[in-house]
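# Fold and geometry: a report
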Amino acid sequence: MDSVDKTITVICDWIQKKLEADDLTEDNKTYVAEMTKALAELVSARADCY
(Lines give C-alpha, C1' and ligand atoms only; values in the text may rest on other atoms or scores of the structure.)
Protein backbone atom coordinates (compact mmCIF):
# COMPACT_ATOMS: atom_id res chain seq x y z
CA MET A 1 0.00 0.00 0.00
CA ASP A 2 2.95 2.31 0.51
CA SER A 3 3.53 2.55 -3.24
CA VAL A 4 -0.15 3.40 -3.78
CA ASP A 5 0.09 6.19 -1.21
CA LYS A 6 3.21 7.54 -2.90
CA THR A 7 1.46 7.43 -6.28
CA ILE A 8 -1.48 9.37 -4.88
CA THR A 9 0.87 12.01 -3.49
CA VAL A 10 2.78 12.33 -6.77
CA ILE A 11 -0.42 12.72 -8.77
CA CYS A 12 -1.75 15.32 -6.32
CA ASP A 13 1.48 17.29 -6.58
CA TRP A 14 1.40 17.11 -10.38
CA ILE A 15 -2.21 18.34 -10.52
CA GLN A 16 -1.44 21.23 -8.16
CA LYS A 17 1.56 22.32 -10.23
CA LYS A 18 -0.46 22.22 -13.44
CA LEU A 19 -3.27 24.26 -11.90
CA GLU A 20 -0.82 26.85 -10.58
CA ALA A 21 0.87 27.26 -13.97
CA ASP A 22 0.09 30.40 -15.95
CA ASP A 23 0.21 28.59 -19.28
CA LEU A 24 -2.55 26.03 -18.81
CA THR A 25 -3.72 25.19 -22.34
CA GLU A 26 -7.03 23.61 -23.29
CA ASP A 27 -5.27 20.30 -23.86
CA ASN A 28 -3.65 20.52 -20.43
CA LYS A 29 -7.02 21.35 -18.86
CA THR A 30 -8.48 18.19 -20.37
CA TYR A 31 -5.51 16.14 -19.21
CA VAL A 32 -5.72 17.59 -15.68
CA ALA A 33 -9.43 16.72 -15.57
CA GLU A 34 -8.71 13.14 -16.65
CA MET A 35 -5.90 12.82 -14.09
CA THR A 36 -8.22 14.16 -11.39
CA LYS A 37 -10.81 11.50 -12.23
CA ALA A 38 -8.12 8.81 -12.17
CA LEU A 39 -6.88 10.13 -8.84
CA ALA A 40 -10.39 9.99 -7.40
CA GLU A 41 -10.73 6.37 -8.52
CA LEU A 42 -7.36 5.51 -6.99
CA VAL A 43 -8.24 7.17 -3.68
CA SER A 44 -11.60 5.41 -3.65
CA ALA A 45 -9.99 2.03 -4.32
CA ARG A 46 -7.43 2.75 -1.60
CA ALA A 47 -10.22 3.53 0.86
CA ASP A 48 -11.96 0.25 0.01
CA CYS A 49 -8.90 -1.60 1.30
CA TYR A 50 -9.70 -0.49 4.82
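Check the entry above for the structure.
What comes next is a walk through the structure. (Residues numbered from 1 in each chain as written. Predicted model: local features only at pLDDT ≥ 70, side-chain atom pairs only at ≥ 80, totals over all residues. Heavy atoms only, no water.)

In terms of nonpolar packing, the biggest core is built from five residues, these being Ile 8, Ile 11, Ile 15, Val 32 and Leu 39. Top contributing element to this core by residue count: helix α1 (residues 2-20), with three residues. Not counting residues within four places of it along the chain, the set of residues in contact with Ile 15 comprises Val 32, Met 35, Thr 36 and Leu 39. (Core = buried A, V, L, I, M, F, W, Y, C linked by side-chain atoms within 4.5 Å. Buried < 20%, exposed > 50% of the residue type's maximum accessible area, 1.4 Å probe, protein only. Helix = DSSP H or I, 4+ residues; strand = E, 2+ residues; numbered from the N terminus. Contact = heavy atoms within 4.5 Å.)

Glancing now at the state of the cysteines. Each disulfide is one covalent bond, formed between the sulfur atoms of two cysteines. Taken as a whole and judged by the stated rule, the model has zero disulfides. Not part of a disulfide, Cys 12 finds its nearest cysteine sulfur in Cys 49, a span of 17 Å. (Disulfide = S-S within 2.5 Å.)

On to the pattern of salt bridges, then. Using the criterion set out here, one finds three salt bridges in the structure. One salt bridge in this structure joins Asp 5 and Arg 46, with 2.6 Å as the shortest N-O distance. Of this pair, Asp 5 sits in helix α1 while Arg 46 sits in helix α2 (residues 26-48); the two residues are 41 residues apart in sequence, bridging distant segments of the chain. Glu 26 serves as the salt-bridge partner of Lys 29, at 3.3 Å between the closest nitrogen and oxygen. (Salt bridge = Lys/Arg side-chain N within 4 Å of Asp/Glu carboxyl O.)

Look at Arg 46 and you get buried, because its relative accessible area is 12%. Engagement of the side chain of Arg 46 in a polar contact is seen with the side chain of Asp 5, the distance being 2.6 Å. Excluding its chain neighbours within four sequence positions, the residues that come into contact with Arg 46 are Met 1, Val 4, Asp 5 and Ile 8. (Polar contact = N/O pair within 3.5 Å; in protein donor to acceptor, adjacent residues only side chain to side chain.)

Moving on to α1. Here α1 contains 19 residues, and its C-alpha end-to-end distance of 27 Å stays within 8% of the 27 Å for a straight helix at 1.5 Å per residue. Those residues of α1 not exposed but buried are Ile 8, Ile 11 and Ile 15. For α1, the arc enclosing every buried residue in end-on projection is 70°, short of the 170-degree limit, so these residues lie on one face. Relative to its buried face, α1 has exposed residues pointing more than 90 degrees away, namely Ser 3, Lys 6, Val 10, Lys 17 and Glu 20. (Expected span 1.5 Å × (residues − 1). Arc of directions from axis to C-beta.)

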